[in-house]
Amino acid sequence: MKVARYTAYGGPETIALEDAPIPTPGPSELLIRVHAAPVTAGDARMRSGKVPRGMGFILRLVIGLRRPKNAPGWSFSGTIAGLGAGVTDFRDGARVFGILGFPGGTHREYLLVKADGLVLPLPESLSLAEGAAFFFGGLTAAQAVIDEAMVGPGKRVLVAGATGSVGSAAVQIAHHLGAEVTALASPANHDLARRLGADTVADYRDPPPPGPFDAIIDVMGGLGWKGARPLLPPDGRLVLITATLGQMIGAGLWPRRSGRRVIASMNRETKAAMQRLVDLHQAGGYRPALGQMLPFADLRKAHAIAESFHKPGNLVVEMVAGGD
Ligand SMILES: NC(=O)c1ccc[n+]([C@@H]2O[C@H](COP(=O)([O-])OP(=O)(O)OC[C@H]3O[C@@H](n4cnc5c(N)ncnc54)[C@H](OP(=O)(O)O)[C@@H]3O)[C@@H](O)[C@H]2O)c1
């Protein structure tokens with residue numbers, strides 16, 4: 001099978017596709033034939049080492065000083081190709097989707113996961129490509145919109161960076177919860193933002209609409225506390241999806257001065273959060289926006305696109321062409 005590996009911090013050319021034997025599932029493990037996996041802003045950051053200011057050293061301490069030692073690929077969709085001893089909850093051939101998370105390793109043709117790990121049956125209502133795209137932006141957005149911004153009916157919500165992986169999910173979820181959603185996106189993506197459920201759209205390069213907004217989801221950290229503060233009422237909440245080290249530290253201090261809440265969001269990967277997102281999907285509140293799909297052999301090209309931070313929706317590589 002083909003397996004992707006990072007050889008150094010650097011551009012997409014530092015990704016190698018190597019041959020490896022197909023693994024055998026051990027007790028309580030599933031062998032997954034990977035059909036598709038997303039290539040995300042997070043993948044591009046880990047490969048390049050380019051992270052928000054102040055976070056570079058921390059990233060290298062965690063994943064490697066000289067080269068990223070984690071494996072490429074955060075989540076996956078696929079079918080079960082083998083069951084380890086003692087597995088009773090899954091059947092051979094079933095469609096599944098899941099997360100390996102920070103240690104990575106989904107950019108390969110087969111992978112092993114623990115049967116009681118972060119893997120769920122893929123609902124009939126989703127294609128395998130949608131399954132691959134489902135969790136990355138969706139989990140981050142659900143946490144930001146529901147738990148951190150505490151969005152509910154009638155709330156005024158601003159999503160800045162509204163049509164990438166995180167933003168496209170945040171707009172849908174906020175709209176589903178009954179909020180009035182204003183989306184900031186580049187003009188080419190305004191129609192997409194409206195289709196996702198935005199009531200109002202504007203260009204993030206223009207001065208922001210005056211608000212007030214009960215909650216602001218700042219996907220790229222472009223507004224920051226300085227830009228968001230005039231737009232928030234006294235009890236308003238700013239959720240920073242991308243934050244510098246200074247913003248992370250400041251998030252705990254600013255609210256004491258102003259009464260508003262600033263939250264530097266850090267995605268939590270749990271089965272309960274995954275199941276909540278599936279429930280949201282089944283209630284009509286979320287479907288991953290699929291953008292470009294490329295063959296696995298074009299993984300380097302996919303990384304170059306992900307690194308732009310301007311891709312509409314989710315970018316997916318397919319290990320099995322037309323896998324659905
Ligand atoms: N906190 C966490 O746990 C967590 C989890 C996931 C991702 N992230 C971070 O969140 C960020 C976004 O991830 P993503 O997967 O959504 O990326 P993405 O799919 O590449 O989307 C980026 C979005 O940001 C917009 N954008 C680009 N530059 C902007 C600017 N200066 N001002 C406002 N919007 C701008 C783009 O809009 P146009 O295409 O219209 O230009 C696009 O909608 C990344 O920095 C990623 O590392 C954090």
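Predicted model, so just to flag it, every value in this text is computed and none were measured.

Conventions we followed
- Chains are numbered independently. Their residues run from 1 in the order of the written sequence.
- The predicted nature of this model means local features are confined to residues of pLDDT at least 70 and side-chain atom pairs, given and counted, to a pLDDT of 80 or more, with totals for whole chains, interfaces and linings taken over all residues.
- The side-chain numbers reported here are obtained from all heavy atoms of the structure, hydrogens and water having been left aside.
- Any residue under 20% of the maximum accessible area for its type is buried, any over 50% is exposed, and the rest in between are partly exposed; the area is computed with a 1.4 Å probe on protein chains only.
- Comment: elements are numbered from the N terminus, with helices defined as DSSP H or I runs of at least four residues and strands as E runs of at least two.
- Pairing between two strands is assigned when DSSP locates at least 2 bridges connecting them.
- For helices, the fitted axis covers only the stretch in contact; all axes are lines through C-alpha atoms, and the angles between them, taken along N-to-C directions, range from 0 to 180 degrees.
- Any two residues whose heavy atoms approach within 4.5 Å at even a single point are treated as in contact.
- Throughout this description, the term salt bridge denotes a Lys or Arg side-chain nitrogen within 4 Å of a carboxyl oxygen of Asp or Glu.
- Planes of paired rings set the category: under 30 degrees apart is stacked, over 60 is edge-to-face and the rest tilted, where pairs are Phe, Tyr or Trp rings (Trp by its six-membered ring) whose centres lie within 6.5 Å.
- Patch construction takes residues with relative accessible area above 30% that form no salt bridge. Like charges are linked within 9 Å, and nonpolar side chains (Val, Leu, Ile, Met, Phe, Trp, Tyr) are linked within 5 Å.
- Residue burial considers only the protein chains on display, and all accessible areas are found by Shrake-Rupley using a 1.4 Å probe.
- The split into domains, and so the bounds of each, comes from an automatic or database assignment of domains.
- Two parts placed together each lose some accessible area; with a 1.4 Å probe, that loss summed over both constitutes the buried area.
- In the analysis that follows, any N or O atom pair within 3.5 Å is treated as a polar contact, provided that within protein one partner can donate a hydrogen and the other can accept it, and provided that, for residues neighboring in sequence, both atoms belong to side chains.
- Put simply, Ala, Val, Leu, Ile, Met, Phe, Trp, Tyr, Cys and Pro go in the nonpolar bin, Asp, Glu, Lys and Arg in the charged bin, and everything else, Gly too, in the polar bin.

Draft legend 1. Focus on the pairing of strand β11 (residues 215-218). Burial of the side chains of β11 extends over both faces: A215 and I217 are buried on one face and I216 and D218 on the other. As paired strands, strand β8 (residues 156-160) and β11 are joined by four bridges and run parallel to one another. In the sheet register, V159 faces β11, and the bridge partner there is I217. Here β11 runs beside strand β12 (residues 237-240); their pairing, made up of four bridges, is parallel. In the strand pairing of β12, D218 is matched with L240.

Draft legend 2. View of the sheet that holds strand β13 (residues 261-264). What the six strands build is an open sheet, ordered β10-β9-β8-β11-β12-β13; its pairing is parallel. The open sheet has two edge strands, β10 (200-202) and β13, and neither has a second partner. Across the sheet, the axes of successive neighbouring strands diverge by a mean angle of 15°, strand direction being ignored. Where β8 meets strand β9 (residues 180-184), five bridges bridge the pair, whose relative direction is parallel. Opposite L158, over in β9, you have T182 as the bridge partner. Set on the sheet, helix α4 (residues 135-148) makes contact with β11, β12 and β13; between it and β12 the angle comes to about 160°.

Draft legend 3. The environment of P25, seen in detail. Here P25 shows up in the loop between β2 (15-19) and β3 (29-38). Given a relative accessible area of 18%, P25 falls into the buried group. Residues P25 and A283, spaced 258 residues apart in sequence, show a C-alpha to C-alpha distance of 35 Å. With sequence-adjacent residues up to four places away left out, P25 is seen in contact with L30, L31, G82, L83, G84 and L112.

Draft legend 4. Structural detail: the pattern of salt bridges. A complete count under the given rule lists nine salt bridges for this structure. Across the pair D191 and R194 runs a salt bridge whose closest N-O atoms are separated by 3.2 Å. Separated by three residues within a single helix, D191 and R194 lie in helix α6 (residues 190-196), roughly one turn from each other. What makes R194 partly exposed here is its relative accessible area of 45%. When the shortest N-O distance is used, the salt bridge between R205 and D203 registers 3.2 Å. A relative accessible area of 56% means that R205 is categorised as exposed. The exposure class of D203 is buried, given its relative accessible area of 12%.

Draft legend 5. Broad picture of the packing of aromatic side chains. Counted by the stated rule, this structure contains five aromatic pairs. Centre to centre, the rings of F97 and F135 are 4.6 Å apart; their planes meet at 40°, and the pair counts as tilted. Linking F97 in strand β5 (residues 95-99) with F135 in helix α4, this pair joins segments that are 38 residues apart in sequence. Overall, F135 belongs to the buried group, its relative accessible area being 0%.

Draft legend 6. Fine view of a nonpolar patch on the surface. The grouping of F57, I58, L61, V62, L65 and F102 at the surface amounts to a nonpolar patch, some 610 Å² of accessible area in total. Take F57: it is sitting in helix α2 (residues 56-63).

Draft legend 7. A look at the domain arrangement of the protein chain. What the domain assignment reports for the protein chain is domain 1 (2-134 + 289-318) and domain 2 (136-264). Domain 1 and domain 2 are separated by 27 Å when their C-alpha centres are compared. In this complex, domain 1 contributes 19 residues to the contact, which on the side of domain 2 involves 18 residues. Of the roughly 1,400 Å² buried between domain 1 and domain 2, counting both surfaces, carbon and sulfur atoms make up 63%. When the buried area of domain 1 at its contact with domain 2 is split by residue, M55, W74 and A289 rank highest and sum to 24% of it. Our count for the contact surface shared by domain 1 and domain 2 stands at zero salt bridges. Summed over the shared surface of domain 1 and domain 2, the number is five residue pairs in polar contact (both at pLDDT 80 or more). Of the residues assigned to the side of domain 1 that touches domain 2, the class counts are ten nonpolar, six polar and three charged.

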